[in-house]
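Residue-level listing of the chains:
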Amino acid sequence: MQGCDGSILLDATPTIDSEKTALPNNNSARGFEVIDMIKAEVDKACGGKPVVSCADILAVAARDSVVALGGPSWEVQLGRRDSTSASRTTANNDIPSPFMDLPALKSSFQKQGLNERDLVALSGGHTIGFSQCQFFRNRIFNETADNIDAEFARERRASCFAGSGDANLGSLDGSPTRFDDGSPARFDGSYFKNLVEKKGLLHSDQALFAGGSTDSVVKGYGSNNGRSFWFDFASSMVKMGNIKPLTGNRGQIRVNCRKVNA
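First things first, this report covers the structure right here in the doc. Model, not experiment: these values are computed from the prediction. (Residues numbered from 1 in each chain as written. Predicted model: local features only at pLDDT ≥ 70, side-chain atom pairs only at ≥ 80, totals over all residues. Heavy atoms only, no water.)

## Notes on the environment of Leu23
- Mapping Leu23 onto the fold places it in the segment before α1 (32-45).
- The exposure class assigned to Leu23 is exposed, which follows from its relative accessible area of 66%.
- Between the alpha carbons of Leu23 and Thr89 there is a distance of 9.5 Å; along the sequence they are 66 residues apart.
- Leaving out residues up to four positions away in the same chain, Leu23 has contacts with Asn92 and Phe135. (Helix = DSSP H or I, 4+ residues; strand = E, 2+ residues; numbered from the N terminus. Buried < 20%, exposed > 50% of the residue type's maximum accessible area, 1.4 Å probe, protein only. Contact = heavy atoms within 4.5 Å.)

So, in structure tokens, the structure goes:
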């Protein structure tokens, strides 16, 4: 979490404090082998040389994944170089927690140069994927009816238990958690519609629609077929891609995305 420099791709070594095992990433950030395969194909196309950085590959892969799931496209600005270090401590401190309230979320995003609208738009990335029970257990068992739909909480408690099931999954967009249901793998506005109905899976999700300054943005994104969400998400992804990139002579272009060049 040092910026858009591919630091998350580095495996642990005696000198690399891998971000893969940071609390927000451990058993959550996945698919590293996919980046390895893309890197091999890109290098092959470039005459067998490491011409394109792992950081740029990661940025393009993020865009193409959104497009493949029915979401918007954007022009990825290229030219990043790869870091030669990683910081698990920085990742633990800077990646927003699923237990945060709105003021903490806003502060976390502002620290990276992102505003309130960026916060809501980028949180909309939760329209795809799943979260582990350990990150939403407290919400479904202990939060009150003014902040969580009672039936939604009961449904989640069927697979996320009071004292077990930490790794059991729930759909991040608040839809029923069924792997044959396309919603967790479809980039749409269901995340925001469910927030309005108090069906946010994580406490930090529902914090975006809980009587605060972001309520109107959430409502807007959940309407007009998600067009404003698509536009703002694309714009915010470009902004996020420009957080502390390494360019020029800084960093390197890794031969292997998992380790620093010898």
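## Observations concerning the state of the cysteines
- Taken as a whole and judged by the stated rule, the model has two disulfides.
- Residue Cys54 pairs covalently with Cys257 via a disulfide, S to S 2.1 Å. In this structure the cystine formed by Cys54 and Cys257 twists about its S-S bond by roughly -95 degrees; its chirality is therefore left-handed. You can see Cys54 sitting in helix α2 (residues 54-68) and its partner Cys257 sitting in the segment after α11 (227-240), a full 203 residues away along the chain.
- Judged by its relative accessible area of 0%, Cys54 is buried.
- Of the residues examined, Cys257 reaches a relative accessible area of 2% and is grouped as buried.
- The disulfide partner of Cys133 is Cys160, and the gap between their sulfur atoms is 2.0 Å. Between Cys133 and Cys160, the disulfide has an S-S torsion of 70 degrees and is therefore right-handed. Here the residue Cys133 occupies a position in the loop between β1 (130-132) and α6 (137-142), and Cys160 occupies one in the loop between α7 (150-157) and β2 (169-171), the gap between them amounting to 27 residues. For the residue pair Cys133 and Cys160, the accessibility class agrees, reading buried in each case.
- In the protein, the cysteines engaged in disulfides, taken in order along the sequence, are linked 1-4, 2-3. (Disulfide = S-S within 2.5 Å.)

## Considerations on the packing of aromatic side chains
- Taken as a whole and assessed by the stated rule, the structure comprises eight aromatic pairs.
- Seen from their ring centres, Tyr191 and Phe192 are 5.0 Å apart, and the 80 degrees between their planes marks the pair as edge-to-face.
- In textbook terms, an aromatic cluster arises when at least three aromatic residues are bridged by ring pairs, as seen for Trp74, Phe187, Tyr191, Phe192, Tyr221, Phe229 and Phe233.
- In this structure, Lys20 is placed above the aromatic ring of Phe32, and the distance from its NZ or CZ to the ring centre is 4.2 Å.
- The aromatic ring of Phe141 is capped on one face by Arg157, whose charged end is 5.6 Å from the ring centroid. (Phe/Tyr/Trp six-rings, centres within 6.5 Å; stacked < 30°, edge-to-face > 60°. Lys NZ or Arg CZ within 6 Å of the ring centre and 35° of its normal.)

## Things to note about the packing of helix α5 (residues 116-123) against α11
- Axis separation between α5 and α11 bottoms out at 8 Å; the angle between their running directions is 105 degrees. By the criterion of interaxial angle, the relationship of α5 to α11 is roughly perpendicular. The segment α5 lies against α11, with Arg117, Asp118, Ala121 and Leu122 engaging Phe229, Asp232, Phe233, Ser236, Met237, Lys239 and Met240.
- For the contact of α5 with α11, the residue count by class is six nonpolar, one polar and four charged. (Axes fitted to C-alpha atoms, helices over the stretch in contact; angles between N-to-C directions. Parallel < 35°, antiparallel > 145°, perpendicular 65-115°, else oblique. Nonpolar A, V, L, I, M, F, W, Y, C, P; charged D, E, K, R; others polar.)

## Some remarks on the pattern of salt bridges
- The final tally for this structure, using the stated rule, is 18 salt bridges.
- Its salt-bridge partner being Asp17, residue Arg88 comes within 3.3 Å of it at the nearest N-O pair. Here the residue Arg88 occupies a position in helix α3 (residues 88-94), and Asp17 occupies one in the segment before α1, the gap between them amounting to 71 residues.
- Taking relative accessible area as the criterion, Arg88 reaches 33% and is therefore assigned partly exposed.
- Judged by its relative accessible area of 31%, Asp17 is partly exposed.
- The salt bridge involving Asp64 is made with Arg63; its shortest N-O contact spans 2.5 Å.
- Here Asp64 falls in the partly exposed class, since its relative accessible area comes to 40%.
- One network of salt bridges, with partners in common, ties together Asp11, Lys20, Asp36 and Arg258. (Salt bridge = Lys/Arg side-chain N within 4 Å of Asp/Glu carboxyl O.)

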